[in-house]
Structures are given as C-alpha cells and as structure tokens.
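Given next are the chains, with one letter for each unit.
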Amino acid sequence: MRTVVYPGSFDPPTNGHLDVIQRASRLFDRVVVAVARNNNKTPLFSPDERKELIKESVSELANVDVDVFEGLLIDYVTKQNCNIVIRGIRAVSDFEFEFQMALMNRKLNEKIETLFMMPRASYSFLSSHLVKEIASLGGDVSTFVSETTSKALVTKLRKVS
Ligand code: PNS
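Note that this is a predicted model, so its numbers are computed, not measured. (Residues numbered from 1 in each chain as written. Predicted model: local features only at pLDDT ≥ 70, side-chain atom pairs only at ≥ 80, totals over all residues. Heavy atoms only, no water.)

(A) The arrangement of the overall build of the chain in detail. A count of helices and strands for the chain gives six helices and five strands. A compact globule built from 161 residues should have a C-alpha radius of gyration of about 15 Å, and the chain, at 15 Å, falls within 12% of that. Each principal axis of the C-alpha distribution contributes one length, and for the chain these read about 45 × 35 × 30 Å. Looking at the chain as a whole, 48% of its 161 residues qualify as buried. For the chain, the accessible surface area stands at approximately 9400 Å², while carbon and sulfur atoms represent 52% of it. (Helix = DSSP H or I, 4+ residues; strand = E, 2+ residues; numbered from the N terminus. Rg over C-alpha atoms; globule rule 2.2 N^0.38 Å. Buried < 20%, exposed > 50% of the residue type's maximum accessible area, 1.4 Å probe, protein only. Areas by Shrake-Rupley, 256 points an atom, 1.4 Å probe, with all protein chains shown as cover.)

Written out as structure tokens, the structure reads:
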C-alpha cells in the first residue's frame, strides 16, 4: 500500500492543487492532503476551513484523505507510515524553493523522498496568493477555484473587510 503526503498551505485550494491531487490519486494507493497549521504566513482561512474546502472538492476520490498537520513535515509523513512527499511545480520560478525544501527534508530524514508533479499547463499561472488578491478586489475567480471555494472567498473577504 503506497501512501503519499501532499502538504501545503492551500489558502485557498486552487484548481491547480486539485489537479495535482487527482493526478496523484491515479498513481498511488492513498493520498493524504496535509494542510499546514503552523506556517509563517497569516492565512485567510483557518486550517479546518481549508481542510473542508479541499474535502468538498475531492469527495469523489475514494483514496484521498484530507488532514491538518503541525510541526515538522517529516515527522507527520513518518506518522502516516509513508516516505513520499508530493509537491507541485508550476514553473521554473517554483524550483529553487522546492529544491531547497526537498533537500532540507532529505537532510532531516533521508528515507523521505520528494516527488514533483506538474499541474495542467493551463494552471501554471495560478496561485492562492493571486486568487486572494483578485477576489479581494472584486474580481471573478470562479475559473481558478471550486464553486464552494469561490463562495467561501466572497463570504470571508466580506467579513474581514
Ligand atoms: O503551500 P506552501 O505554503 O508552499 O507549503 C509549504 C509547506 C507547508 C509544505 C512547508 O512550509 C512545510 O513543510 N511546513 C511544515 C514545517 C516544516 O517541516 N518545515 C521545514 C521544511 S524544509
């Protein structure tokens, strides 16, 4: 049984993230999408909100679980009886940070491998950051995120403004 962990902030999950999840679910027995609780960014959505947004979008993928984690990724991956981390790479600009993180994680635990997956090319410009910016300025993000996420953005941004 080959389990992989796909970690990230997912604030909010985009169609690019969902594309990577779908691809990974076809390749592995089980995919655990792990929403990071403690990263240095100040998220718009709480970890549980992000978890629910992803869950709603992957409900038809029987081998995908969504969880929240905190602490070191390598510790969480080990607890899942797993040794593979999936990360999405959209463009060369992602590579430097991803390379650094993958090698640092390998240094911390050499049994854990990072696999990079490319989302569909038409999503290569998509980022959670841009989606939030566009939504906060009243733009339409319905082709970049799920319908539920699009509505959640409108509601959340109304509350915080
Ligand atoms: O979607 P993001 O923000 O690029 O995801 C980054 C994330 C959450 C995968 C990364 O910050 C992480 O693994 N955080 C957990 C803490 C950790 O293990 N840090 C050391 C990474 S080398």
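(B) Representation of the pairing of strand 1 (residues 3-8) in the model. Counting buried residues along strand 1, six of its six residues qualify, which places the element largely inside the surrounding structure. Both faces of strand 1 are covered, namely the face carrying T3, V5 and P7 and the face carrying V4, Y6 and G8. Sheet topology places strand 1 next to strand 2 (residues 30-36); six bridges connect them, and they run parallel. Looking across to strand 2, one finds that T3 is bridged to R30. Of the crossover connections in this fold, the one passing from strand 1 over helix 1 (residues 15-27) to the parallel strand 2 is right-handed. (Pairing = 2+ DSSP bridges. Right-handed = clockwise from strand over helix to strand, strands pointing away.)

(C) Main features of the environment of R120. Looking at where R120 falls in the secondary structure, it is placed in the loop between strand 5 (113-117) and helix 5 (128-136). Contacts of R120, omitting those with residues within four sequence positions, involve D19 and R23. (Contact = heavy atoms within 4.5 Å.)

(D) The arrangement of the site of the ligand in detail. Around the ligand sit 13 residues, and of these S9, K41, G71, L73 and R87 come closest. Measuring from an oxygen atom of the ligand, one finds a backbone N or O atom of L73 at 2.8 Å. Contact between the ligand and R87: an oxygen atom at 2.8 Å from a side-chain N or O atom of the residue. Against a free-state accessible area of 550 Å², the protein chains account for coverage of 78% of the ligand. Comparing atom positions with the cavity grids shows the ligand to sit within the largest pocket. Only strand 1 and helix 4 (92-108) provide two or more residues apiece to the shell around the ligand. (Near = heavy atom within 4 Å. Polar contact = N/O pair within 3.5 Å; in protein donor to acceptor, adjacent residues only side chain to side chain. 1 Å grid on protein atoms, 1.4 Å probe; cavity = no way out; pocket = protein on both sides within 12 Å on 5 of 7 lines; lining within 4 Å. Sits in = over half its atoms within 2 Å of the grid points.)

(E) Region of interest: the layout of surface pockets. Its boundaries defined by the atoms lining it, the largest pocket holds a volume of some 1100 Å³. The wall of the largest pocket is formed by 40 residues, among which G8, S9, K41, R87 and F97 lie closest to the centre. Secondary structure elements with two or more residues in the lining of the largest pocket: strand 1, helix 1, strand 4 (84-88), helix 4 and helix 5. With seven residues, helix 4 is the largest single contributor of residues to the lining of the largest pocket. Its residues assigned to classes, the lining of the largest pocket shows 16 nonpolar, 15 polar and nine charged. (Points joined across faces, edges and corners; volume = space filled by probe spheres on them. Nonpolar A, V, L, I, M, F, W, Y, C, P; charged D, E, K, R; others polar.)

(F) Here's a closer look at the packing of aromatic side chains. Under the criterion given, the structure shown has four aromatic pairs. Seen from their ring centres, Y6 and F10 are 5.3 Å apart, and the 75 degrees between their planes marks the pair as edge-to-face. By the burial criterion, Y6 is buried, and F10 matches it. Note on F125 and F144: the rings are 6.1 Å apart at their centroids and 80 degrees apart in plane angle, and the pair reads as edge-to-face. With F125 in the loop between strand 5 and helix 5 and F144 in the loop between helix 5 and helix 6 (147-160), this pair connects stretches of sequence that are 19 residues apart. (Phe/Tyr/Trp six-rings, centres within 6.5 Å; stacked < 30°, edge-to-face > 60°.)

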